[in-house]
Amino acid sequence: RVGCDPPIKLVKSQLEYMKLIDPNPEFILITGDLAAHAFSCERHVETAFLMLADLINSTFPHVRIVSTIGNTDLYPDGKLNGPSDPQLTHVYARYRRYNWTTDENEFSFLKGGYFKRVINSNL
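Everything numeric in this text was worked out from a predicted model, so none of it was measured.

Colleague: An account of helix H3 (residues 86-97) is requested, with residue identities and associated values reported.
Modeller: The end-to-end C-alpha distance of H3, which contains 12 residues, comes to 17 Å, matching closely the 16 Å that a straight helix rising 1.5 Å per residue would cover. Inspection of H3 places Gln87, Leu88, Val91, Tyr92, Arg94 and Tyr95 among the buried residues, and these make up the whole buried set. The arc that holds the buried residues of H3, viewed along the axis, is 160°, so those residues lie on one side. For H3, the exposed residues set more than 90 degrees away from the buried face come down to Pro86 and Arg97. On its buried face, H3 is in contact with helix H2 (42-59), strand E2 (64-67) and helix H4 (106-112). Regarding H3, its N-cap is Asp85, as a side-chain oxygen of that residue lies 2.7 Å from the backbone nitrogen of Gln87 further along.

If you want it as structure tokens, here you go:
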């Protein structure tokens, strides 16, 4: 829905508060939807993702980030054409840019958009 996404000022405030509570958490889980709803082109989705990922990584530079793909992280919104969809290549490249996944996960990510990440042996 257009207009239901938080403004960037609120996102910054949330991240600052998270850092006050725990400046160095073991990991942060992002449940997808970094891009806003109803963008008109893939470039806008990419720009929004990179802006928020930069903000997250600059706030928590040494924290492991685990993220899933949300419907708004794709263009058109929520459209994935089955296994090996070319959009997965774009999302994977974004995740690799920020070290949100590893090279060993490339095959499964590009096949179906999933991967595993060991945080520690207790999780």
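Colleague: Residues and numbers for the packing of aromatic side chains, please.
Modeller: This model, assessed by the stated rule, comprises 9 aromatic pairs. On the basis of an interplanar angle of 55° and a centroid distance of 5.8 Å, the ring pair of Tyr95 and Trp100 is categorised as tilted. The pair Tyr95 / Trp100 is uniform in exposure class, with both members buried. Ring centres of Tyr95 and Phe115 lie 6.2 Å apart, and the angle between their planes is 75°; this geometry places the pair in the edge-to-face category. Of the two residues, Tyr95 sits in helix H3 while Phe115 sits in the segment after H4, which places them 20 residues apart along the sequence. Relative accessible area serves as the criterion here: at 0%, Tyr95 is assigned to the buried category. Among the aromatic residues, those joined into a cluster by ring pairs are Phe49, Tyr92, Tyr95, Tyr98, Trp100, Phe109 and Phe115.

Basis of the calculations
- Residues numbered from 1 in each chain as written.
- Predicted model: local features only at pLDDT ≥ 70, side-chain atom pairs only at ≥ 80, totals over all residues.
- Heavy atoms only, no water.
- Helix = DSSP H or I, 4+ residues; strand = E, 2+ residues; numbered from the N terminus.
- Expected span 1.5 Å × (residues − 1).
- Buried < 20%, exposed > 50% of the residue type's maximum accessible area, 1.4 Å probe, protein only.
- Arc of directions from axis to C-beta.
- Contact = heavy atoms within 4.5 Å.
- Polar contact = N/O pair within 3.5 Å; in protein donor to acceptor, adjacent residues only side chain to side chain.
- Phe/Tyr/Trp six-rings, centres within 6.5 Å; stacked < 30°, edge-to-face > 60°.

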